[in-house]
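Overview (structure and organization)
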Amino acid sequence: MAEEYIQEQPAVTEVDEQETGQNPSETQQESRPNAFAFGGILLGGWAALMIVFTLIAVVAMSVVGMVAG
């Protein structure tokens, strides 16, 4: 029977701080999303939703106008 050898490897590799050249606070700040981009997405989503609701209201009023008129 063949014997299998398992090599042990460290679970956590150490990262040298000099290698990155940045402090943890700097890397944390760079990973934050842009607030203006997030606001633009929210505003765009709200505008699209209002357009859809307006179109639904126009269709509903047209149908009611045809039935009642």
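Residues numbered from 1 in each chain as written. Predicted model: local features only at pLDDT ≥ 70, side-chain atom pairs only at ≥ 80, totals over all residues. Heavy atoms only, no water.

1. As for the overall build of the protein chain
The helix and strand tally for the protein chain stands at 3 helices and 0 strands. When its helices and strands are written in sequence order, the protein chain yields α-α-α. Within the span of the protein chain, comprising 69 residues, buried residues form 0% of the whole. A total of about 7,100 Å² of accessible surface is found on the protein chain, and carbon and sulfur atoms cover 63% of it. (Helix = DSSP H or I, 4+ residues; strand = E, 2+ residues; numbered from the N terminus. Buried < 20%, exposed > 50% of the residue type's maximum accessible area, 1.4 Å probe, protein only. Areas by Shrake-Rupley, 256 points an atom, 1.4 Å probe, with all protein chains shown as cover.)

2. Quick word on a nonpolar patch on the surface
Nonpolar side chains collect at one region of the surface, where L43, W46, L49, M50, V52, F53 and I56 lie side by side and expose about 700 Å² of accessible area between them. Assignment of secondary structure puts M50 in helix α3 (residues 35-68). The exposure class of M50 is partly exposed, given its relative accessible area of 30%. (Patch = residues over 30% accessible without salt bridge, like charges linked within 9 Å, V, L, I, M, F, W, Y side chains within 5 Å. Salt bridge = Lys/Arg side-chain N within 4 Å of Asp/Glu carboxyl O.)

3. Examining the confidence of the model for the protein chain
A residue-level look at the protein chain finds 67% of positions with pLDDT of 70 or above and a mean pLDDT of 81. Mean pLDDT values for the elements of the protein chain range from 53 in helix α1 (residues 17-20) up to 96 in α3. (pLDDT = per-residue confidence, 0-100.)

4. As for α3
Taking 1.5 Å of rise per residue, 34 residues should cover 50 Å, and α3 covers 49 Å from first to last C-alpha, within 8% of that figure. Put simply, N34 is the residue that caps the front of α3, since its side-chain oxygen is 3.2 Å from the backbone nitrogen of F36. (Expected span 1.5 Å × (residues − 1). Polar contact = N/O pair within 3.5 Å; in protein donor to acceptor, adjacent residues only side chain to side chain.)

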